[in-house]
Amino acid sequence: FTKELIRKTLIRKEKSSLEIKFENIVNKLNLPYKFVGNGEFFIERKNPDFINCNGGKIAVEVYYKKHKELFRNGLENWKKERQEIFNKYGWRIEFFDEIEVNEKEVLRRIG
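Treat the numbers as computed from the prediction; the structure is a model and nothing was measured.

So, how was this worked out
- Residues numbered from 1 in each chain as written.
- Predicted model: local features only at pLDDT ≥ 70, side-chain atom pairs only at ≥ 80, totals over all residues.
- Heavy atoms only, no water.
- Helix = DSSP H or I, 4+ residues; strand = E, 2+ residues; numbered from the N terminus.
- Rg over C-alpha atoms; globule rule 2.2 N^0.38 Å.
- Buried < 20%, exposed > 50% of the residue type's maximum accessible area, 1.4 Å probe, protein only.
- Contact = heavy atoms within 4.5 Å.
- Areas by Shrake-Rupley, 256 points an atom, 1.4 Å probe, with all protein chains shown as cover.
- Phe/Tyr/Trp six-rings, centres within 6.5 Å; stacked < 30°, edge-to-face > 60°.
- Lys NZ or Arg CZ within 6 Å of the ring centre and 35° of its normal.

Visitor: Looking at this structure, how should I read the overall build of the protein chain?
Guide: For the protein chain, the helix and strand inventory stands at 5 helices and 4 strands. Counted from the first residue to the last, the protein chain has its helices and strands arranged as α-α-β-β-β-α-α-β-α. Here the C-alpha radius of gyration of the protein chain, 13 Å, is about what a compact globule of 111 residues would show, namely 13 Å. Within the protein chain, buried positions represent 42% of all 111 residues. A fraction of 55% describes how many contacts in the protein chain between residues 6 or more apart in sequence connect residues 24 or more apart. Working note: accessible area of the protein chain is about 6800 Å², and carbon and sulfur atoms make up 50% of it.

Visitor: Can you help me understand the packing of aromatic side chains in this one?
Guide: Between two aromatic rings, the relevant description is the distance of the centres plus the angle of the planes. Per the counting criterion, the structure on display carries 6 aromatic pairs. Residues Phe41 and Trp91 carry aromatic rings whose centres are separated by 5.2 Å and whose planes lie at 50° to one another, so their mutual orientation is tilted. Remark: Trp91 occurs in the loop between α4 (75-88) and β4 (92-97) and Phe41 occurs in the loop between β1 (33-35) and β2 (50-52); sequence separation between them is 50 residues. Residue classification places Phe41 among the partly exposed positions, given a relative accessible area of 21%. Through a chain of ring-to-ring contacts, the aromatic side chains of Phe22, Phe35, Phe50 and Phe96 assemble into a single cluster. The ring of Phe35 has Lys15 lying over it, and the distance from NZ or CZ to the ring centre is 5.0 Å. It is Arg109 that lies over the ring of Phe96; its NZ or CZ is 4.1 Å from the centre.

The quantities given are spatial measurements derived from coordinates; they are silent on function.
As structure tokens, then:
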């Protein structure tokens, strides 16, 4: 898929319940992250869910473990591929599964 096709597809995508939960935590803790999972931001052809909007090169992916295991050639492969691409451009990427999307863990890892 081209970057433009991916962007057009994502623009119509509504936030998942997990993305909304993460965004609510970020807003409550006043952390400098914004949702870009709608195709607003890409690294190569990868579109993270959130990025740091204070100049830090930190991207965030939130995900349901079962979904990634079933549809992404396995969770660890998905994470490894994204990590390599983002690191190539000087970005750190943080992954939060459905258990880790909580105030304590978010604050500990990106706060």
